[in-house]
Amino acid sequence: MKFLSLAAVIWCVLVPPSETTKSFEDIRCKCICPLYKNISGQIYKKNVSQKDCNCLHVVEPMPVPGNDVEAYCLLCECKYEERSTTTIKIIIIIYLSVIGALLLYMAFLMLVDPLIRKPDAYTHPLHNEEESEDAHSLAAVHPSASTRANTVLERVEGAQQRWKRQVQEQRKTVFDRHKMLS
């Protein structure tokens, strides 16, 4: 995916679009004409060159009779707009490539995580103090992963185990003893 997005970026940089090959969405003239006499205000858009970006070339059909055309066109505000759809396409390709790579990574972790993970002694919920004491004695007999943390994965698992113990202690304190931890 990264190769595809890199190839698209290189192609667009090396082959810049010329003025004649621009698509019709890349350039336009937009005229905003306000309320004039009994004619409601309207927005007119037309694909014309920058030199032809004025009310006379863009506003078709002209809503006013021949005498009032000049007065009507003086009220209209015309702007020439140009954008690069090629750049927009490149950004979308890069964005989708990153999202795709993250989804692939997530799927990889979901498949590999159960293979790496060891059985967890703290996954069972605590129902009373006896089970809590058994779990703490089990942790005291077997050294925790944080004391022998040689790899990043072992350090992460150790932190996760500490967090799980804290959560279980909080549950026991709040639900069994009906006390809040400070």
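Located above this text is the structure these notes cover.
Presented here is a report on the structure given in the accompanying data block. On a predicted model such as this, the values are computed, not experimentally measured, just so you know. (Residues numbered from 1 in each chain as written. Predicted model: local features only at pLDDT ≥ 70, side-chain atom pairs only at ≥ 80, totals over all residues. Heavy atoms only, no water.)

### Overview of the packing of aromatic side chains
Operational definition: Put simply, two rings from Phe, Tyr or Trp (the six-membered ring, in Trp's case) pair if the centres are within 6.5 Å, and we call them stacked under 30 degrees between planes, edge-to-face over 60, tilted for the rest. Helix and strand labels come from DSSP, where a helix needs a run of H or I of at least four residues and a strand needs a run of E of at least two; each type is numbered from the N terminus. Buried residues are those whose accessible area, probed at 1.4 Å on protein chains only, stays under 20% of the maximum for their type, while exposed residues exceed 50% and partly exposed ones sit between those limits.
Scanning the entire structure with this criterion turns up one aromatic pair. Relative to Tyr72, the ring of Tyr36 has its centre 5.6 Å away and its plane inclined at 70°; by these criteria the two rings are edge-to-face. Remark: Tyr72 occurs in helix 3 (residues 69–75) and Tyr36 occurs in the loop between strand 1 (27–33) and strand 2 (42–46); sequence separation between them is 36 residues. Of the two residues, Tyr36 and Tyr72, both sit in the buried class.

### A short note on the pattern of salt bridges
Our working definition: Whenever a carboxyl oxygen of Asp or Glu lies within 4 Å of a side-chain nitrogen of Lys or Arg, that contact is scored as a salt bridge.
With the rule as written, the count across this model stands at five salt bridges. The salt bridge involving Glu81 is made with Arg28; its shortest N-O contact spans 2.6 Å. Here Glu81 is found in strand 3 (residues 77–82), whereas its partner Arg28 is found in strand 1, with 53 residues between them in sequence. Its relative accessible area of 26% is what places Glu81 among the partly exposed residues. In this structure, Glu169 and Lys172 form a salt bridge, with 3.3 Å as the shortest nitrogen-oxygen distance. Of this pair, Glu169 and Lys172 are both found in helix 6 (residues 152–176), three residues apart, which corresponds to roughly one turn of the helix.

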